[in-house]
Amino acid sequence: MTNSVFWSCLMLIVFTCWFNAKSSEAFGTTFGFDIHHRYSDTVQQFLNDDGLPEEGTVDYYTAMAHRDQLLKGRRLAATTPPLTFYGNNRTYSRWDLGNLHYSSIQVGTPAVFFLVALDTGSDLFWLPCDCPNCVRNFNNSGGRILKLNIYSPSNSTSSTPLPCNSTKCGTTRGCSASLNNVCPYEIINGNATSRGILVDDILHLGTDVIPQDIVDVEVTFGCGKNQTGYYLTHRGLNGVFGLGMGNISVPSTLANKGLVANSFSLCFVTDGVGRIEFGDKGSAEQKTTPFNLQKSNPTYNITVTKIAVANNVTNLEFAAIFNSGIPITRLSDPAYSFIANNFNSRITKKPYHYPFNFVLEYCYALGANQDIYIAPNLTFTMKGGNVFNVIAPTIQLEEDDGSVLCLAIIKTEGINIIGQNFMTGYRLVFDREEMVLGWQESDCDSISSKLLPPARPHQPQQPSSPPPPPPPSGVARLSYITSRLMAVNCDTWHFLPPLHHSFFIRFLLPVCTLPYFEWFVCLKTAPAPLEQSVNSFT
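Residues numbered from 1 in each chain as written. Predicted model: local features only at pLDDT ≥ 70, side-chain atom pairs only at ≥ 80, totals over all residues. Heavy atoms only, no water.

Asks: Would you explain the overall build of the chain in this entry?
Replies: When you go through the chain residue by residue, the secondary structure sums to 6 helices and 31 strands. A burial count over the chain gives 52% of its 538 residues as buried. Counting contacts in the chain only where the partners sit at least 6 residues apart, residues at least 24 apart contribute 68% of the total. (Helix = DSSP H or I, 4+ residues; strand = E, 2+ residues; numbered from the N terminus. Buried < 20%, exposed > 50% of the residue type's maximum accessible area, 1.4 Å probe, protein only. Contact = heavy atoms within 4.5 Å.)

Have a look at this one:
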């Protein structure tokens, strides 16, 4: 749309100039026109729009700077390939690490591998750092011990502490002489915390092409000296990669350095594998909706204007944050009750009640011989009119007496969050230049033909199947998140037990609304294995 308007205007100017020249030859007269900036007094007077910024004001120069940034970003998007992590652009969903997507990254000199959780709900990238209580070994889903590295500034020749007078430190981090004037940080996320200092070091990236060009970038991140809660058990066990809008986030750093456009994409598929690309602006076919921006704390907040469960539609409007750091979507009333009640009224199976306080409220017994069930279709109409079809609104659990289907939404009294489960099946573009969220159904392999070769030999994967066709009206696709999970009463499990059999994985699913974890689940099928650089951990 934008390109067509641009070329139409350009052709009009060319035609006008040509007409001017011909008119001068024929009639001996001249013809001219003035060009005015869209914020000029002449344009404002003509449009009679009081909303345009007044020349010389802060808003005027802010708008001009924003416009320059947009143009620069478009030039970057058109001329430079996206960046990704060096060695691999893949992400991996780990059920045994809190059901989040992880990437293998390399930091420091010499480069050290870390397995970080991808989190669009936070800004800061942090790693466990010189911490005596940090986890150094983890029993993975295959029964092997996963060796986890711990970052140490003294072991990296390119590491420097961030001083208190740095603009990245700001005035709210509590610098003091007792900290040797090094900028501290603190993250509190539920019952999990991470505290430490900020450092600058090299993040090893590369172009998302073959062969991959190395792009080493100095970034600011947290050196986490003290972690608590689930940061010591499963979720974010080896660090968290914040992808938020703050200036300290890596996407902001890459854009500010002029390396890529101020945009990135995440793509999650149902088999647990995904992609990440920095500088990706999406495609012309994607749908979009604008972000709701708050100057004090900008997030990927969007507005849903309609909800449809099968053919029942309501104009109920609510705001929600797209947060990949939350595994299961959380909605408050009245949105939650509308979806749950309409979903419940359309399920013909018998309700299934767990003997303990299970976090998912609406579950149904499928029976011993039934593996799949067609659930009602759930769609959101976003601000702007585009429709977001929730591909995986349910999760299928496996019990001794058969399969159990649950509506994968948690009722909350707080902020509405579109979690990772509702992002599944889409290539999501977080465009911070146009300030829009873009989405397009994808199997992730079709993002581009520039997928990176493995850094190390590994077992070949089966080719991914193309995304299924849209469902008919009132019918949802089959429940894709059929991970064969089994719920376990938390009264008898209070820690993450070691793996005793490769066929079962015991883990904490970090979606409990109570202060401490109150239930476990067991995975009966192994999750997608981590490939290539993850093998470096073993």
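Asks: Help me understand helix 5 (residues 335-346), please; the structure alone is not making it clear to me.
Replies: What sets the pattern is the α-helix's 3.6 residues per turn: residues three or four places apart point alike. For helix 5, with 12 residues, the first-to-last C-alpha span of 17 Å sits near the 16 Å given by 1.5 Å per residue. Buried within helix 5 are the following residues: A335, Y336, F338, I339, A340, N342 and F343. (Expected span 1.5 Å × (residues − 1).)

Asks: Please clarify how the state of the cysteines should be interpreted in this entry.
Replies: By definition, a disulfide is the covalent link that joins the sulfur atoms of two cysteine residues. Applying the stated criterion across every chain, the model contains 5 disulfides. Here C169 engages in a disulfide with C183; their sulfurs sit 2.2 Å apart. Residues C169 and C183 share a disulfide whose torsion about the S-S bond is about 90°; that sign makes it right-handed. On the criterion of sequence distance, the pair formed by C169 in the loop between strand 8 (160-161) and strand 9 (184-189) and C183 in the loop between strand 8 and strand 9 is long-range, its members being 14 residues apart. With respect to burial, C169 and C183 carry one shared label: buried. Disulfide partner of C267: C444, at an S-S distance of 2.1 Å. Classification of the bridge connecting C267 and C444 rests on its S-S torsion, roughly -100°, and on that basis the disulfide is left-handed. Here C444 lies in the loop between strand 28 (436-441) and strand 29 (481-489) and C267 lies in strand 13 (residues 263-268), a separation of 177 residues in the sequence. Of the residues examined, C267 reaches a relative accessible area of 0% and is grouped as buried. (Disulfide = S-S within 2.5 Å.)

Asks: What is the right way to look at the pairing of strand 13 in this model?
Replies: Each regular strand displays side chains that alternate between the two surfaces of the sheet. Counting buried positions along strand 13 yields 6 of 6 residues, so the element is predominantly enclosed. Of the two faces of strand 13, the one lined by S263, S265 and C267 and the one lined by F264, L266 and F268 are each fully buried. Bridge count between strand 13 and strand 27 (residues 426-431): 6 bridges; the pairing is antiparallel. Opposite S263, over in strand 27, you have D431 as the bridge partner. In this sheet, strand 14 (residues 273-278) lies alongside strand 13 in antiparallel orientation, the contact comprising 5 bridges. Along strand 14, the bridge assignment pairs S265 with E277. Count of turn residues in the strand 13/strand 14 antiparallel hairpin: 4 residues, of which G272 carries a positive phi of about 90°. (Pairing = 2+ DSSP bridges.)

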